[in-house]
Amino acid sequence: MYLKTAFRILKNLISPETPHHRDYARLDIVRFMARLILPRYRFEWPSLDWWNDESFNAYLQQFGELQGASSLRSRSRWMVYQLLRLAEPIPGDTAECGVFAGASSYLICRFLQSKSQACTHFIFDSFEGLSQPSVEDGLEWSKGLLSHSLEATKANLPFSNISWQKGWIPDRFAQAADRRFAFVHIDVDLYQPTRDSIEFFYSRMNEGGILVCDDYGFSGCPGATLAVDEFLKDKPEKMVAMASGGGFLIKGRTTAGNFLGLPRHELTPATE
Ligand SMILES: C[S@@+](CC[C@H](N)C(=O)[O-])C[C@H]1O[C@@H](n2cnc3c(N)ncnc32)[C@H](O)[C@@H]1O
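For the structure given in this document, a descriptive report is provided here.

What counts, and where the lines are drawn
Residues numbered from 1 in each chain as written. Predicted model: local features only at pLDDT ≥ 70, side-chain atom pairs only at ≥ 80, totals over all residues. Heavy atoms only, no water. Salt bridge = Lys/Arg side-chain N within 4 Å of Asp/Glu carboxyl O. Helix = DSSP H or I, 4+ residues; strand = E, 2+ residues; numbered from the N terminus. Buried < 20%, exposed > 50% of the residue type's maximum accessible area, 1.4 Å probe, protein only. Near = heavy atom within 4 Å. Polar contact = N/O pair within 3.5 Å; in protein donor to acceptor, adjacent residues only side chain to side chain. Areas by Shrake-Rupley, 256 points an atom, 1.4 Å probe, with all protein chains shown as cover. Pairing = 2+ DSSP bridges. Contact = heavy atoms within 4.5 Å. Axes fitted to C-alpha atoms, helices over the stretch in contact; angles between N-to-C directions.

Let's talk about the pattern of salt bridges
If you walk through the whole model with that rule in mind, you get twelve salt bridges. Arg 8 is the salt-bridge partner of Asp 28, the closest N and O atoms lying 3.2 Å from each other. Linking Asp 28 in helix α2 (residues 19–37) with Arg 8 in helix α1 (residues 2–14), this pair joins segments that are 20 residues apart in sequence. For Asp 28, a relative accessible area of 14% gives the class buried. Salt-bridge contacts for Arg 73 lead to Asp 187; the nearest nitrogen and oxygen are separated by 3.6 Å. Taken as a pair, Arg 73 in the loop between α3 (54–62) and α4 (74–86) and Asp 187 in the loop between β4 (181–186) and α7 (191–202) lie far apart in primary sequence, 114 residues in all. Since its relative accessible area comes to 27%, Arg 73 is described here as partly exposed. With a relative accessible area of 13%, Asp 187 lands in the buried category. In this structure, a network of salt bridges that share partners links the residues Arg 8, Asp 28 and Arg 31.

Written as structure tokens, this is what we have:
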């Protein structure tokens, strides 16, 4: 069988029927090597249209995320881009908690430029990195990690409708207390600021508004996932966990649990 596979790969490398066949052959080689080194890693098809989206690639390039380790973020960037489209008809401002160099806020501000109503984008960040992790956060994080200066982030975000709120979450939330929101992006990695953020913004989301938690569902961010699940326990909305990592909810949209995990019922035969 191995011989047959090796022959197929070789054939597709030397004279592929289509360019896709050559890509799949290369992927087979990479997958074979990965099985030895990182067996749990799951690959995806190398024929995704969004990989060739020029304007999106230019955006990734601008934030140094087209190549190298940072390109691991490109899937969640794409999802933010698409989720913003879904928020188009929803009135309200936008916000990001945990901004770093501004890559997500850049997408949000470009989205606001395309809307007819004038909206404000609120930016909440210490610009001194993470706060002190708590026991819920495990051992991966430490205070001060992921620090990016306010000046450097401002240089990446030349938009006039930004309300800059430098400080520890939730200290500056009062500045947005009387606003309603269409889109909120929470990305602070840790339990407590995630909990503070979702608590503050959930009730201020307009119906149909989208709240994203970038850290949801990553085993490296157990505190952020816990904070969201705890908060949503008695709410009709639950996080829709994305294959890219991260999750989102649509305000006012009741969401089923992960039903495959429930005990199986007897299948009822279809009635005529
Ligand atoms: C992963 S980075 C954010 C990445 C960003 N959302 C992006 O799209 O590139 C996490 C950010 O959260 C900020 N942060 C973490 N804990 C915070 C807290 N308690 N208060 C304010 N900012 C915090 C850090 O300063 C850092 O900029």
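Structure's up, so let's keep going.
A look at unusual backbone geometry
A cis geometry characterises the amide bond from Ile 169 onward to Pro 170, with omega recorded as 15 degrees. The backbone of Leu 146 shows a phi angle near 60 degrees, a positive value even though the residue is not glycine. Structurally, Leu 146 can be placed in the loop between β2 (121–125) and α6 (150–156). On the basis of relative accessibility, which here comes to 43%, the residue Leu 146 falls in the partly exposed class.

Things to note about the site of the ligand
Neighbouring residues of the ligand: 19 residues in total, closest Arg 77, Gly 98, Ser 104, Asp 125 and Asp 187. Within the backbone of Ser 126, a nitrogen or oxygen atom sits 3.1 Å from a nitrogen atom of the ligand. With respect to the ligand, the side chain of Asp 187 contributes an N or O atom lying 2.7 Å from a nitrogen atom. The fraction of the free accessible surface of the ligand (600 Å²) that becomes covered by protein chains is 97%.

Section: the sheet that holds β4
In spatial order, the strands read β3-β2-β1-β4-β5-β7-β6; together these seven strands make up an open sheet with mixed pairing. A single partner strand is all that each edge strand has here, and the edge strands are β3 (162–166) and β6 (240–241). In this sheet, strand β5 (residues 205–213) lies alongside β4 in parallel orientation, the contact comprising five bridges. Bridging across to β5, Phe 181 finds its partner in Met 205. Sitting on the sheet, α4 is in contact with β4, β5 and β7 (247–250), with an inclination near 165 degrees to β4. Set on the sheet, α7 makes contact with β1 (93–97), β2, β4 and β5; between it and β5 the angle comes to about 165 degrees.

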